[in-house]
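# Coordinates in review
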Amino acid sequence: MHVPDGFLDAPTSVATGVAAAGAVAVALRQARQELDDRTAPMAGLTAAFVFAVQMVNFPVAAGTSGHLIGGALTAVLVGPWTAVLSMTVVLLVQAVLFADGGLTALGTNVTLLGLVAVVIGYGVVRALTAVLPRTRTSLLAASGIGAFLSVPVAALAFVGLFGLGGVADVPLGAVAGAMTGVHLLIGLGEAAITVAVLGAVLAVRPDLVHAAGHLRREAALARRPGLEPAGVTR
Amino acid sequence: MAAGPAGALSARYIAGSSPVHRLAPQAKLVAVLAFALVVVATPVHAPWAPAVYTADLLLVLGVAAVAGVAPGRLARGLVVEIPFVAFAVLLPFVARGPRVEVLGLSLSENGLATGGGILAKATIAVLAATVLAATTEPRELLHGLERLRLPQLLVQILMFMIRYADVVGGELQRMRVARESRGFRGRHLGALRVLGPAAGALFVRSYERGERVHLAMLSRGYDGRLPQGPRRAVPATQWPTALSLPASAAAVLGAGFLLG
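In the annotation of an unreviewed UniProt entry, the entry for chain B reads Cobalt/nickel transport system permease protein, and the organism field reads Blastococcus colisei.

This is the structure:
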């Protein structure tokens, strides 16, 4: 899913590179507000987590398999700015150490997978949780929808870039149709695994889910009858 | 899982002492990036483009031979290209413009040139990046990026990621062994009911480890910056040596423009 070298022309690559650099610069500043001095270790471990999870392939259909992209999931878990940083670092490592995604296309990949996927995924989750009842189920549903939409929207953004700076003269409508079709399917997988992962984290450590802040309540300490220490009289 | 016992990130590195291994990481990074830029700048519709691609390919293979990177390793590096090969192969069928008959198929001339160009450029660039990864340790690459003035916070995030990718990957591997020794076979969509919570548990463990690491670092005087060791001076000859790769590619491209 990473754009290799030579797919888009130079002006488009440079433009997306500038956009990505600007977004990362803002994210570097804003992530400090999400995590203050914990930014480096937490964003680094989140990146390691995304990297590890992307290595797990899950079966899709007819013998093919897919893996998580993780933009929406990461944004819901650690907050959008930290997610942008983590995704950027994952893409940088993949480009430099695995030749996955071209070095000259790094800006494009960060824009599509780090920025568009995170913004769409997190935006949808915030918009939906604002109108849905404040429950775990609606947060999971919103995250599923956000994750699902983030994939075809990123694919469409790629088609848009291809239309602006693609090196081939192809009917864009057909490309957009094919890309959207394939990525709607991939989006279903992304949504399923995002909901499964979030459900598991919410069950164990709901306080670790950034987007679940509105679900948090003050801990209620109730007196349980029959458990008073010895010697205490009412 | 592709990761071997040596770890996911260092799996691509082949220890060695070739001249390519000994180059400073920042010089190699700049050289590979500049080389990729030159390759990408080759116009796909020029009649001499295939000759330039061939020359670029020979240049990369030459560097790989000097570095002692085996052909098998290079071929495995190309696996990442597969999804885009499919896209490039489709181009001659869907692109507009004048069409030619090839083996009874009506193909677009434009699509053939661009599809071939995309494949050639991506392949050459992937080979160059594969040689870079095979001759440079992840930690060295990090130092290189730092010397190239990547923002300090980003360098630190990268450093934590590189240090912990193997730890988190190892955790994942142990969870997989535990699952499979209990009879788990992830062959259908129902596997998500198992893999999702496993990934969730992995996140919780990673995050908690991050918190412990941070506290341990604070108690040892971490103030948001990492102490850096003495910087290794780069011998003056290294930059010209490293940049000879993109310079040769640029010379070939220039020759194409002049003679073509």
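Glancing now at the overall build of chain A. In terms of helices and strands, chain A carries 7 helices and 2 strands. Taken from the N to the C terminus, the helices and strands of chain A come in the order α-α-β-β-α-α-α-α-α. Out of the 234 residues belonging to chain A, those deemed buried represent 56%. Across chain A, contacts joining residues at least 24 apart in sequence account for 73% of those joining residues at least 6 apart. By element, 66% of the accessible surface of chain A is carried by carbon and sulfur atoms, the whole surface being about 9,500 Å².

Okay, a nonpolar patch on the surface next. A contiguous nonpolar surface patch, about 430 Å² in accessible area, is contributed by Val-89, Leu-90, Phe-93, Val-94 and Leu-105 of chain B. No other element matches helix 5 (residues 82-94) of chain B, which puts 4 residues into the nonpolar patch.

Now for the UniProt feature "transmembrane region" (unreviewed entry) in chain B. Residue and element names in this part refer to chain B. The UniProt entry lists residues 29-46, 52-70, 77-95 and 115-136 under the feature "transmembrane region" (unreviewed entry), expressed in the numbering used here. Here residues 29-46 runs as 72% helix and 0% strand, with 29 Å between its end C-alpha atoms. The annotated region residues 77-95 carries 74% helix and 0% strand content, and the separation between its end C-alpha atoms amounts to 29 Å.

The next point concerns the interface of chain B and chain A. Each partner contributes residues to the interface: chain B has 69 residues there, and chain A has 64 residues. With both chains or domains summed, chain B and chain A bury close to 6,000 Å², and 81% of this area falls on carbon and sulfur atoms. If you sort the residues of chain B by the area they bury against chain A, Phe-84, Met-161 and Phe-203 of chain B come out on top, with a joint share of 12%. Between Arg-205 of chain A and Glu-208 of chain B there is a salt bridge, with the nearest N and O atoms lying 2.5 Å from each other.

It is worth spelling out the confidence of the model for chain B at this point. Residue and element names in this part refer to chain B. On average, residues of chain B score 82 in pLDDT, and 90% of them are at 70 or above. Averaged pLDDT values over the elements of chain B bottom out at 70 in strand 1 (residues 99-102) and peak at 90 in helix 3 (residues 49-67). Note that residues 1-6 has pLDDT below 50 and, in this model, 7 contacts with residues that lie over four places away or in other chains. In the predicted complex, the global pTM is 0.85; the interface-specific ipTM is 0.84.

Residue and element names in this part refer to chain A. Summed over all chains, the structure comprises 6 aromatic pairs over all chains. With 6.0 Å between their ring centres and 35° between their planes, Phe-158 and Phe-162 make a pair best called tilted. In this pair, Phe-158 and Phe-162 are both assigned in helix 6 (residues 136-165), 4 residues apart and thus about one turn of the helix distant. As far as the burial class goes, Phe-158 and Phe-162 line up, both buried.

The rules behind the values
- For every chain, the first residue of the written sequence is number 1, and numbering continues from 1 along that sequence.
- Chains carry letters and ligands carry numbers; both start at the beginning, A for chains and 1 for ligands, and go up in the order they are written.
- Owing to the predicted nature of the model, reporting of local features is limited to residues with pLDDT of at least 70; listing and counting of side-chain atom pairs is limited to 80 or more, with chain, interface and lining totals taken over all residues.
- Think of the side-chain values as coming from all heavy atoms in the structure, minus any hydrogens and water.
- Numbering of helices and strands runs from the N terminus; a helix is a DSSP stretch of H or I covering at least four residues, while a strand is a stretch of E covering at least two.
- A 1.4 Å probe rolled over the protein chains alone gives each residue an accessible area, and that area as a share of the maximum for its type sets the label: buried under 20%, exposed over 50%, partly exposed in between.
- Contacts are assigned to residue pairs that have any heavy atoms within 4.5 Å of one another.
- Here the accessible surface of atoms and residues is derived via Shrake-Rupley with a 1.4 Å probe, and residues count as covered only by protein chains that are part of the display.
- Exposure above 30% relative accessible area and the lack of any salt bridge qualify a residue for a patch; like charges then connect within 9 Å, and the nonpolar side chains Val, Leu, Ile, Met, Phe, Trp and Tyr within 5 Å.
- Note on definitions: salt bridges are taken to be side-chain nitrogens of Lys or Arg within 4 Å of carboxyl oxygens of Asp or Glu.
- UniProt positions are given in the numbering used here, feature names are shortened, and annotations may be inferred rather than shown by experiment.
- Put simply, buried area is the surface a 1.4 Å probe can reach on two separate parts but cannot reach once they are joined, added for both.
- The pLDDT value tells you how sure the predictor is about a given residue, anywhere from 0 up to 100.
- Pairing of aromatic rings covers Phe, Tyr and Trp, the last counted by its six-membered ring, and requires centre-to-centre distances within 6.5 Å; plane angles under 30 degrees mean stacked, over 60 mean edge-to-face, and any other angle means tilted.

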